[in-house]
Amino acid sequence: MNAAILAARWVRSAAVDDRRGRHWQANPDPRGRSAVGTEPASLYAGAAGIVLFFLELAAATGREAYLDDARAGARYLAATWCDQRDLTFHHGLAGMLVALTEADWALGGFEETIAEMADRIVHAARPLDGGPGWTGDPAQRGDGGIVLGLLRAAAVLGVPAYEELAAEAGARIAGRAVPGHRFGDCADLPTDAVTPGFLSGTAGTAFLLARLHSATGERSFLDAARRGADFVRTVSVVTGRCAVVPHHVPQARGLHYLGFCSGSAGVARMFYELYRVTGDAGDLDWVVRLARGITESGVPRRRTAGFWNVACQCCGSAGLLELFVGLWAVTGRESYLTYAATLASDLVGRATGHDDRGLRWYQAYRRLRPGEVTADTGYLVGAAGIGAALLHFDAATRPDEARRVILLPDNPFPAIPVPTTTLRPHQNP
């Protein structure tokens with residue numbers, strides 16, 4: 001909790017206020033730059049993700065000042081969404097929509113704006129081969145993430161048309177033999193590479209299709225999700241009871257990322273979503289295999305080719321922490337909470353806080369550029385997301401004070417990260 005509060009101090013040092021509200025510099029170091037460039041409003045690296053962090057911190061601490069931070073950031077999102085050309089979930093309008101749904105739940109006053117944002121996404125859909133879409137990319141970084149945003153809008157606003165379009169776009173994705181990444185459009189990868197991971201690959205697409213099956217009951221979505229999961233199983237490396245996933249095939253079968261974006265932590269979400277909607281024990285077994293592959297690798301103490309000097313939610317320790325807190329919540333296995341504690345302690349120990357500007361994490365966000373070290377403020381890439389992961393762990397360690405945490409639509413684990421068996425029955429006064 002204290003580390004999350006000090007992370008908030010670092011984020012606050014980057015605040016920029018104007019007539020539209022508040023956004024935050026991506027990296028407030030005097031001579032620093034962002035790991036991902038300028039995304040002032042995005043969920044990945046900008047105001048949308050930081051709003052979520054301050055909403056959580058306000059709920060966890062009861063401090064009204066953090067709610068004021070969230071309110072100012074939400075005002076910025078509401079004032080600038082019309083200027084957003086990117087419609088995707090992590091980097092564009094769909095993510096801003098999700099952040100405003102959470103702000104509206106806590107603060108009120110944004111429902112009309114949320115509807116306008118969702119309507120714009122609907123009207124921007126265009127005919128593609130096999131059905132409607134937006135980017136043509138079926139992965140979470142493209143149309144898959146937009147569909148998740150529409151499903152959240154449908155649930156929050158009760159507008160069936162949003163879910164209907166989400167299902168139509170999902171049906172186009174499900175029509176692929178193996179749902180997932182398109183060939184030849186990933187930077188730094190060969191043109192014939194296939195990525196089984198979450199943000200730009202098969203696992204994230206299969207997750208989406210399992211979610212659509214849960215929402216609609218359509219068998220075709222589950223069948224397509226199974227094809228994606230089978231592909232991931234086929235290319236994975238299994239040793240005993242451990243499994244790891246190649247970053248891309250066929251060229252990098254020995255490069256095993258462990259984080260959320262392209263590695264085990266994200267792929268495990270896909271298998272748990274399948275288990276959640278079908279109850280198939282085989283899917284849960286793969287979640288366990290992937291988790292064991294992480295713990296047996298020796299991280300976070302040991303650095304591997306797929307787990308380098310990186311701490312953030314996207315590809316580092318914070319993303320692993322989210323996984324093991326989630327596994328604790330659904331299984332009650334103490335070993336998962338113990339390992340989560342190891343990850344949390346490592347994150348706190350790696351933080352820099354030599355001045356009064358709070359805690360930040362200097363990291364080499366891009367594995368192929370180890371000398372490019374930054375300390376971003378954003379959610380998937382920096383202090384806000386690391387702080388949120390630490391809050392989730394803090395909530396998991398306080399069963400007597402169980403509280404709701406904010407999880408993105410691509411996280412299938414419980415929003416109260418405590419096993420039901422550990423909660424004490426309510427006592428009437």
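Here, the structure is the one placed above.
My aim in this report is to walk through the structure given alongside it, one point at a time. Just so it is clear, the structure is predicted and the values come from calculations on it, not from any experiment.

Conventions and cut-offs
Residues numbered from 1 in each chain as written. Predicted model: local features only at pLDDT ≥ 70, side-chain atom pairs only at ≥ 80, totals over all residues. Heavy atoms only, no water. Axes fitted to C-alpha atoms, helices over the stretch in contact; angles between N-to-C directions. Helix = DSSP H or I, 4+ residues; strand = E, 2+ residues; numbered from the N terminus. Parallel < 35°, antiparallel > 145°, perpendicular 65-115°, else oblique. Left-handed = near helix turned anticlockwise from the far one by under 90°. Contact = heavy atoms within 4.5 Å. Salt bridge = Lys/Arg side-chain N within 4 Å of Asp/Glu carboxyl O. Buried < 20%, exposed > 50% of the residue type's maximum accessible area, 1.4 Å probe, protein only. Nonpolar A, V, L, I, M, F, W, Y, C, P; charged D, E, K, R; others polar. Core = buried A, V, L, I, M, F, W, Y, C linked by side-chain atoms within 4.5 Å.

Describing the packing of helix H12 (residues 317–331) against helix H14 (residues 383–396)
Helix packing for two helices is described by the angle between their axes and how far apart those axes are.
Part 1 of the reasoning: Put simply, H12 and H14 touch, their axes get as near as 9 Å, and they point 25 degrees apart. As judged from the angle between their axes, H12 and H14 are roughly parallel. Two packed elements cross with a definite hand, and for H12 against H14 that hand is left-handed. Mapping the contact onto sequence places Ala318, Leu321, Glu322, Val325 and Trp328 in H12 and Ile386, Ala389, Leu390, His392, Phe393 and Ala396 in H14.

Concerning the pattern of salt bridges
Part 1 of the reasoning: The full count for this structure, using the stated rule, is 27 salt bridges.
Part 2 of the reasoning: For the salt bridge of Glu102 with Arg404, the shortest nitrogen-to-oxygen distance reads 2.9 Å. Of the two residues, Glu102 sits in helix H4 (residues 93–107) while Arg404 sits in the segment after H14, which places them 302 residues apart along the sequence.
Part 3 of the reasoning: Owing to a relative accessible area of 37%, Arg404 belongs among the partly exposed residues under this scheme.
Part 4 of the reasoning: The partner of Arg233 in a salt bridge is Asp230, and the shortest N-O contact between them spans 3.1 Å. Of this pair, Arg233 and Asp230 both sit in helix H9 (residues 219–235), 3 residues apart, which is roughly one turn of the helix.

Observations regarding the packing of helix H8 (residues 202–216) against helix H10 (residues 264–278)
Part 1 of the reasoning: Relative to each other, H8 and H10 sit at 20 degrees, their axes nearing to 8 Å. By the criterion of interaxial angle, the relationship of H8 to H10 is roughly parallel. In terms of crossing hand, the pair formed by H8 and H10 is left-handed. Residues Ala203, Ala206, Phe207, Ala210, Arg211, His213 and Ser214 of H8 form the contact with H10, whose own contacting residues are Val267, Arg269, Met270, Glu273, Leu274, Arg276 and Val277.
Part 2 of the reasoning: Residue composition of the contact of H8 with H10, by class: 8 nonpolar, 2 polar and 4 charged.

Some remarks on the nonpolar core
Part 1 of the reasoning: Core analysis: the largest hydrophobic core is formed by 143 residues, its most contacted members being Leu77, Met270, Leu321, Phe324 and Trp361.
Part 2 of the reasoning: Counting residues per element, this core draws most heavily on helix H2 (residues 47–61), which supplies 10 residues.
Part 3 of the reasoning: Phe324 has contacts with Ala291, Ile294, Thr295, Tyr336, Tyr339, Ala340 and Leu343, leaving out every residue within four places of it along the chain.

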